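Observations on the model geometry
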Number of protein chains: 2
Amino acid sequence: MPASQRVAIVGVGLIGGSIGLALRERELAAEVVGVGHRASSLEKAIARGAIDRGTTNLVEGVAQADWVVAATPVGSLVDTIHAIAAANERCTITDVGSTKAEICSRLRAPVSPDAWQKRPGPARFIGSHPLAGDHRTGPEHARADLLEGRTVVVTPEDDTPPGLVERASEFWEALGATVELLSPEEHDRALAATSHLPHLIASALAAATPEEWLRLAATGWGDTTRIAASDPGLWTQIFGQNRQAVRDALTRFQYALDAMETALGENDDATLATQLTEAKRIRELFNDT
Amino acid sequence: MPASQRVAIVGVGLIGGSIGLALRERELAAEVVGVGHRASSLEKAIARGAIDRGTTNLVEGVAQADWVVAATPVGSLVDTIHAIAAANERCTITDVGSTKAEICSRLRAPVSPDAWQKRPGPARFIGSHPLAGDHRTGPEHARADLLEGRTVVVTPEDDTPPGLVERASEFWEALGATVELLSPEEHDRALAATSHLPHLIASALAAATPEEWLRLAATGWGDTTRIAASDPGLWTQIFGQNRQAVRDALTRFQYALDAMETALGENDDATLATQLTEAKRIRELFNDT
C-alpha cells in the first residue's frame, strides 16, 4: 500500500478508530481524515491519535481521499457509500459491515443515467468485514492492534476487477490482518453461524435468566452471555440484513439442542456424553487468541 | 477455623487441589492429607504444594481428620461420603459437588440399625458448592486464589445443626469466599439456570457450527462456546443429577429464543430491538471479575 495515499474513514467508532490508529502508528497513509456525525466523537478520535483531522461534512472529508473506509452501522452503509461515491469520483471504497450480501446487492441496483459515473459499482467498491471487535463501542476503546492476527473477509463479486481485490487485501494485510476471500453470500451464510447466531443465543440466555439468581452466576454464565451486552440497535440492523441465513443457522442449533434435551429427558446418558464429546471436539478446533 | 485441625481432601483435582493450596498457604490446618485414585495425581498435588501427604487408601487418609472435603466427580460423591463417614466416626464432612438435592437426599436414605452411628446424616454432613472452576481440570491447574472473592453455596437441611452451618461457613470464608445459604433444592433450581443450562447451550452451539466455517469464528463465538470444552463425563453426571430443573430452565430459554425468532421472521425490528435491550440490561447486572 503506498504510504503516500490519503485515507478517509467515515464513522470513527471502535473499528474506524482502530483502523485510523493502526494506519498512523504504522505510517501507512499521508493523511487520515475522520468523518463523523458528532464533533465530540471526532475530538475523541483526534485525542486518541486515530485521525489527523476530523469533519462532520462528508463531502469535504472524502474530497481528497484515494481510499475510503465506510465504518458506519450496517443499516446506513448503503447510503454512506453512495454519498462517498458521489462526493469523490476517483476514490476506491471499502466498508467494515458485519453483513455483505444485501449491501453489495443494493449497491448494484440500477441508477439513473446521469448518476451512472457516480455509482459505487464493483469497479470502485469492494466489501470487507474485519472479524474483530468488542462489546464496547466508541473511539475511546480504539486500539492500534485490534486487527493484528485477525481475519478480514474481503468479498469480491463476479465482475470485481482483480486490481481492486489486491488493493483491499494489501490494505488489510498492512494492518496486520489475514485476508480471506468469499462471495458476499458465502460470507453471510458463514457469519450467520459463527457470529450472528451466537449473539441471538447469548441474548436469549441472558433474557431467560431470573434476575434473583444472577448472584449465583459465575464465569460460565459470564462467558456464554458476554456478547449480549453488545449494542442492541446495531445488532437489530445486522439481524435484519441476514434474516434467512440466521434462521437457517438457528434451525441447525435447534436440532442439536433438541437432541440433547431428548437424551436428558430419556435418561440416555450414553447419548448425552457422545453429544458433549462431539461439542468439545469442535470447540477445541477453535484457537483462542 | 482452628488452625490445629486436620483436613483431608478426597479427590485432588482442580478444586480439591486449590482448596489444599489455599489451606496450606494461609496456614489454616495442622495437616492437609490428599486422597486420590492415582498415585500420579497425588504426586502432582504434592509437587504443586496442594497437600502435605497423599494416599490412595481412603480409610487411612481420613482416619485422623477433623474435617473432610469430598471433591470427587458428582456421580461418585454419595459413595465417597459414605466411605468417609464409615472410616472416621468423628469427622465432619462437606463436598464441592455442582448438584446438591439428589446427593443430600440419597445421604438421608434409611440405613441398617448397626450402621446408624456411621451414617453421614445431617449432623455430620453439609453440602457445599464453590462457584469457581475452569474448563481445565487436574491438580496442575490448582490455584491458591481460586476461591478468593467467589461465592460458595452451603446447603443446610431442616435438621442441620446450626453449629455445622457455622463451621462450613467459616471454612469457606477463611479461604476468601463469600457464603450463600440455600436449601439443596433451591441451589439446584438456581444453578440449572446459571450454570447447567449455559453448558448445554454452549455445547449445542459448538456442535451446530459447520467445521469448515470455524476459521471465520472470532471472539464472540469463542466466548459463547468456551465451556463446551469442559469434561463431557463430568457434565453428563451433573445433568443426570439435575434433569428436571435443567429442563425447566431450558423451557424458559426456548420461550425467549422463540420470541426472537418470531420477531426476526416477521421483520419486526422494534420487538427484536426491545428483546436485545432487555438481554443487555440483564447481562449488565452481572459483574465480571
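Below you will find a few notes about this structure. Small disclaimer: the values here were computed from a predicted structure and weren't measured. (Residues numbered from 1 in each chain as written. Chains lettered and ligands numbered in written order. Predicted model: local features only at pLDDT ≥ 70, side-chain atom pairs only at ≥ 80, totals over all residues. Heavy atoms only, no water.)

A look at the interface of chain B and chain A
Residue-level contacts link 76 residues of chain B with 75 residues of chain A. When chain B packs against chain A, close to 7,500 Å² is buried across both sides, 69% of that on carbon and sulfur atoms. Counting every contact that joins chain B to chain A gives 8 salt bridges. We note a salt bridge from Arg243(A) to Asp269(B), for which the minimum N-O separation is 3.1 Å. Our enumeration of links across chain B and chain A arrives at 21 residue pairs in polar contact (both at pLDDT 80 or more). Of all the secondary-structure elements, those providing two or more residues to the side of chain B that touches chain A are strand S7 (151-155), helix H7 (184-207), helix H8 (219-225), helix H9 (232-240), helix H10 (243-265) and helix H11 (269-283) of chain B. Looking at the side of chain B that touches chain A, the element that brings in the most residues is H7(B), giving 15 residues. Within the side of chain B that touches chain A, the residues separate by chemical class into 44 nonpolar, 15 polar and 17 charged. (Contact = heavy atoms within 4.5 Å. Buried area = accessible area lost by both parts, 1.4 Å probe. Salt bridge = Lys/Arg side-chain N within 4 Å of Asp/Glu carboxyl O. Polar contact = N/O pair within 3.5 Å; in protein donor to acceptor, adjacent residues only side chain to side chain. Helix = DSSP H or I, 4+ residues; strand = E, 2+ residues; numbered from the N terminus. Nonpolar A, V, L, I, M, F, W, Y, C, P; charged D, E, K, R; others polar.)

Re the side chain of Ser169(A)
All names here are of chain A. Residue placement: Ser-169 occurs in helix H6 (residues 162-174). Judged by relative accessible area, which is 12%, Ser-169 ranks as buried. In this structure Ser-169 touches Val-179 and Leu-181, once residues within four positions along its chain are discounted. (Buried < 20%, exposed > 50% of the residue type's maximum accessible area, 1.4 Å probe, protein only.)

Description of unusual backbone geometry
The residue Glu27(A) is not glycine, and still its phi comes out positive at about 50°. You can see Glu27(A) is positioned in the loop between helix H1 (14-25) and strand S2 (31-35).

Side note on the packing of helix H10 (residues 243-265) of chain A against H10(B)
For the pair H10(A) and H10(B), the least separation of the axes is 12 Å and the interaxial angle reads 165°. The angle between the axes of H10(A) and H10(B) places the two elements in the roughly antiparallel class. Along this stretch, H10(A) crosses H10(B), giving a crossing that reads as left-handed. When H10(A) is examined against H10(B), the residues Arg243(A), Val246(A), Arg247(A), Leu250(A), Phe253(A), Gln254(A), Leu257(A), Glu261(A), Ala263(A), Leu264(A) and Gly265(A) are found in contact with a partner set consisting of Arg243(B), Val246(B), Arg247(B), Leu250(B), Phe253(B), Gln254(B), Leu257(B), Glu261(B), Ala263(B), Leu264(B) and Gly265(B). Class assignment for the residues of the contact of H10(A) with H10(B) results in 12 nonpolar, 4 polar and 6 charged. (Axes fitted to C-alpha atoms, helices over the stretch in contact; angles between N-to-C directions. Parallel < 35°, antiparallel > 145°, perpendicular 65-115°, else oblique. Left-handed = near helix turned anticlockwise from the far one by under 90°.)

Quick word on the environment of Ser4(A)
Residue and element names in this part refer to chain A. Among the secondary structure elements, Ser-4 is positioned in the segment before strand S1 (6-10). Separated by 24 residues in sequence, Ser-4 and Leu-28 have C-alpha atoms that sit 7.7 Å apart. Contact partners of Ser-4, with chain neighbours within four places excluded, come to Ala-30 and Asp-66.

Some remarks on the sheet that holds strand S6 (residues 125-130) of chain A
Residue and element names in this part refer to chain A. Taken in spatial order, the 8 strands line up as S3-S2-S1-S4-S5-S6-S7-S8 in an open sheet, and their pairing is mixed. The sheet is open, and its two borders are formed by strand S3 (53-55) and strand S8 (178-181), each paired with just one other strand. Averaged over all adjacent pairs, the angle separating strand axes in this sheet is 25°, with direction ignored. Of the pairings in the sheet, the one linking S2 to S3 comprises 3 bridges and is parallel in character. Following the sheet pairing, Gly-34 is matched in S3 by Gly-54. (Pairing = 2+ DSSP bridges.)

Comments concerning the packing of aromatic side chains
Overall, the coordinates contain 9 aromatic pairs over all chains when judged by the stated rule. Linked through ring pairs, Trp67(A), Phe171(A) and Trp172(A) together constitute an aromatic cluster. (Phe/Tyr/Trp six-rings, centres within 6.5 Å; stacked < 30°, edge-to-face > 60°.)

Here's the deal with the sheet that holds strand S2 (residues 31-35) of chain B
Residues and elements named next belong to chain B. Pairing is mixed in the open sheet, where 8 strands are placed in the order S3-S2-S1-S4-S5-S6-S7-S8. One side of each edge strand has no neighbouring strand; the edge strands of this open sheet are strand S3 (53-55) and strand S8 (178-181). Direction aside, the axes of adjacent strands within the sheet are offset by 25° on average. Note that strand S6 (residues 125-130) and S7 share 4 bridges and pair antiparallel. Paired with Gly-127 across the two strands is Thr-155, which belongs to S7. Contacts from helix H6 (residues 162-174) reach strand S4 (67-70), strand S5 (92-95), S6, S7 and S8 within the one sheet, and its direction differs from that of S6 by about 30°.

Notes on the relation of the copies chain B and chain A
Superposing the two chain copies requires a rotation about an axis and a translation along that axis. Under the fitted operation, chain B is carried onto chain A by 0.0 Å of movement along the axis and a turn of 180°, and the coordinates agree to an RMSD of 0.0 Å. Interpreted geometrically, this transformation is the action of a two-fold axis. Among all C-alpha atoms of chain B, that of Thr224(B) lies closest to the rotation axis, at 2.0 Å. Interface residue correspondence from chain B to chain A reaches 99%, placing this contact among same-surface, isologous pairings. (Least-squares fit on C-alpha atoms with pLDDT ≥ 70 in both.)

Considerations on the pairing of S8(B)
Here S7(B) runs beside S8(B); their pairing, made up of 4 bridges, is parallel. Bridge assignment links Val153(B) to a residue of S8(B), and that residue is Glu180(B).

Considering the pattern of salt bridges
All names here are of chain B. Applying the stated criterion to the full structure yields 37 salt bridges over all chains. The closest approach of N and O atoms between Arg-26 and Glu-148, which form a salt bridge, is 3.0 Å. Remark: Glu-148 occurs in the loop between S6 and S7 and Arg-26 occurs in the loop between helix H1 (14-25) and S2; sequence separation between them is 122 residues. What makes Glu-148 partly exposed here is its relative accessible area of 43%. For Arg-90, the salt bridge is made with Asp-66, and the minimal N-O distance between the two is 3.0 Å. With Arg-90 in the loop between helix H4 (77-87) and S5 and Asp-66 in the loop between helix H3 (58-62) and S4, this residue pair connects regions lying 24 residues apart in the sequence.

A closer look at the pairing of S5(B)
All names here are of chain B. Neither face of S5 is open: one carries Thr-92 and Thr-94, the other Ile-93 and Asp-95, and all of them are buried. Pairing of S4 with S5 involves 4 bridges; the strand directions are parallel. If you follow Val-69 over to S5, its bridge partner there is Thr-94. Once you follow S4 into H4 and on to S5, the crossover reads as right-handed. Sheet topology note: the S5/S6 ladder contains 2 bridges and is parallel. Paired with Thr-94 across the bridge in S6 is Ile-126. (Right-handed = clockwise from strand over helix to strand, strands pointing away.)

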